[in-house]
Amino acid sequence: IFPPSIPMVVFSFVSGVSVGRLFLGGVIPAFLMTITLMLMVGGYAKKYNYPRQPFPSWRVAFQSLKDAFLPLLTPVILLGGIWLGIFTPTEAAAVAVTYALIIGVFVLRELSFKDVVRVFLETARETSIIAFVVAASALYGWVLMRSGLTIRIAEGLLTVSKSPIVILLIINVFLLIVGCFLDSTVAILILGPILLPVIMKVGLDPVHFGVVMVLNLMIGLLTPPFGIVLFVMCQISGLKFEEVVKATVPFLIPLFVVLILIIFFPGIVTALPNLLM
């Protein structure tokens, strides 16, 4: 949700919506999720009496900020360059990656030449997979448009209600189900061309819908039976799937609260894009 967000870049590709506006739209929801999750973690820590560490001194805090300063400039360069119009989102990505590479190799010296080669090879492989999916989805979207299926789906939903909120709620329930089974990138590429005509017909802001869709599908990655993040956590932690699901479910509550807030109060999403762009 917080920029730079790959799902938002994918949604931008599908919808033609400015990726800069989508990035800005995700900032406030991301902070809301951070705050609600922090409150929940604090509640858990107090309830179960987790061990506490002393509050860091100003000296420790300053040293931590000093160590993290150069890496933290990466999102500043990425977003600042887009907002100031210095470069396009695509160029911003290239600049941010180059900056991160320089910091990792020459300044912090955490990456060797061998590591860089390995990263390049892995990136090429992953990018080729995504590019193939994107190419196939573009053809799929074109076929959908030519067949008139998107129009019929839009008309079908509009027979249920013409209220933007009702339509958005119906779509969200559908996306929550889809998110349990499909990867977010694939879901956006397949469903984006189908749902966008519906959104436009009821007069919803595509930036608002884009952030709602991305957040919805991200929650889907945490829900059984096929939430990808759950399986990754099982692999990392060595816990059983049922144990991970049981521990994760309470943390879905604050995420759903934020999702409901941005559905009913679009200004949470659109305020920053309208202000800065």
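Source: prediction; values computed, not measured. (Residues numbered from 1 in each chain as written. Predicted model: local features only at pLDDT ≥ 70, side-chain atom pairs only at ≥ 80, totals over all residues. Heavy atoms only, no water.)

## Focus on the overall build of the protein chain
Next, step 1: Looking only at helices and strands, one finds 12 helices and 0 strands in the protein chain.
Next, step 2: Taking 2.2 N^0.38 as the reference for a compact globule, 277 residues should give roughly 19 Å; the C-alpha atoms of the protein chain span a radius of gyration of 21 Å, in line with that estimate.
Next, step 3: Expressed along its principal axes, the backbone C-alpha trace of the protein chain runs to roughly 60 × 45 × 40 Å.
Next, step 4: For the protein chain, contacts bridging at least 24 residues in sequence account for 70% of all contacts bridging at least 6.
Next, step 5: Surface summary for the protein chain: the accessible area is close to 16600 Å², and the carbon and sulfur share equals 74%.
Next, step 6: Counting 16 positive and 11 negative side-chain charges, the protein chain places the averaged centre of each group 7 Å from the other. (Helix = DSSP H or I, 4+ residues; strand = E, 2+ residues; numbered from the N terminus. Rg over C-alpha atoms; globule rule 2.2 N^0.38 Å. Contact = heavy atoms within 4.5 Å. Areas by Shrake-Rupley, 256 points an atom, 1.4 Å probe, with all protein chains shown as cover. Lys, Arg positive; Asp, Glu negative; His and termini not counted. Charge placed at Lys NZ, Arg CZ, Asp CG, Glu CD.)

## Focus: the confidence of the model for the protein chain
Next, step 1: Across the protein chain, pLDDT averages 86, with 96% of residues at or above 70.
Next, step 2: When the elements of the protein chain are averaged for pLDDT, helix H6 (residues 149-160) gives the smallest value, 73, and helix H9 (residues 206-220) the largest, 93. (pLDDT = per-residue confidence, 0-100.)

## Concerning the side chain of Ser-184
Next, step 1: With respect to the secondary-structure elements, Ser-184 resides in helix H8 (residues 184-201).
Next, step 2: Among the residues examined, Ser-184 registers a relative accessible area of 6% and is labelled buried.
Next, step 3: Setting aside anything within four residues of it in sequence, one finds Ser-184 in contact with Pro-7, Leu-217, Met-218 and Leu-221. (Buried < 20%, exposed > 50% of the residue type's maximum accessible area, 1.4 Å probe, protein only.)

## Notes on the layout of surface pockets
Next, step 1: By volume, the largest pocket amounts to about 1100 Å³.
Next, step 2: Together, 31 residues line the largest pocket, and Ile-6, Ala-93, Ala-94, Val-97 and Thr-123 are the ones closest to its centre.
Next, step 3: Mapped onto the lining of the largest pocket, the elements with two or more residues apiece are helix H1 (6-15), helix H2 (19-47), helix H3 (58-83), helix H4 (89-107), helix H5 (113-147) and H8.
Next, step 4: Its residues assigned to classes, the lining of the largest pocket comprises 23 nonpolar, 7 polar and 1 charged.
Next, step 5: The volume enclosed by the second largest pocket comes to roughly 160 Å³.
Next, step 6: Secondary-structure elements contributing two or more residues to the lining of the second largest pocket are helix H10 (228-237) and helix H11 (241-264).
Next, step 7: Residue composition of the lining of the second largest pocket, grouped by class: 7 nonpolar, 2 polar and 1 charged. (1 Å grid on protein atoms, 1.4 Å probe; cavity = no way out; pocket = protein on both sides within 12 Å on 5 of 7 lines; lining within 4 Å. Points joined across faces, edges and corners; volume = space filled by probe spheres on them. Nonpolar A, V, L, I, M, F, W, Y, C, P; charged D, E, K, R; others polar.)

## Here we look at the side chain of Thr-248
Next, step 1: Secondary-structure assignment places Thr-248 in helix H11.
Next, step 2: Once residues lying within four places of it in the same chain are set aside, the contact partners of Thr-248 are Leu-222 and Leu-230.

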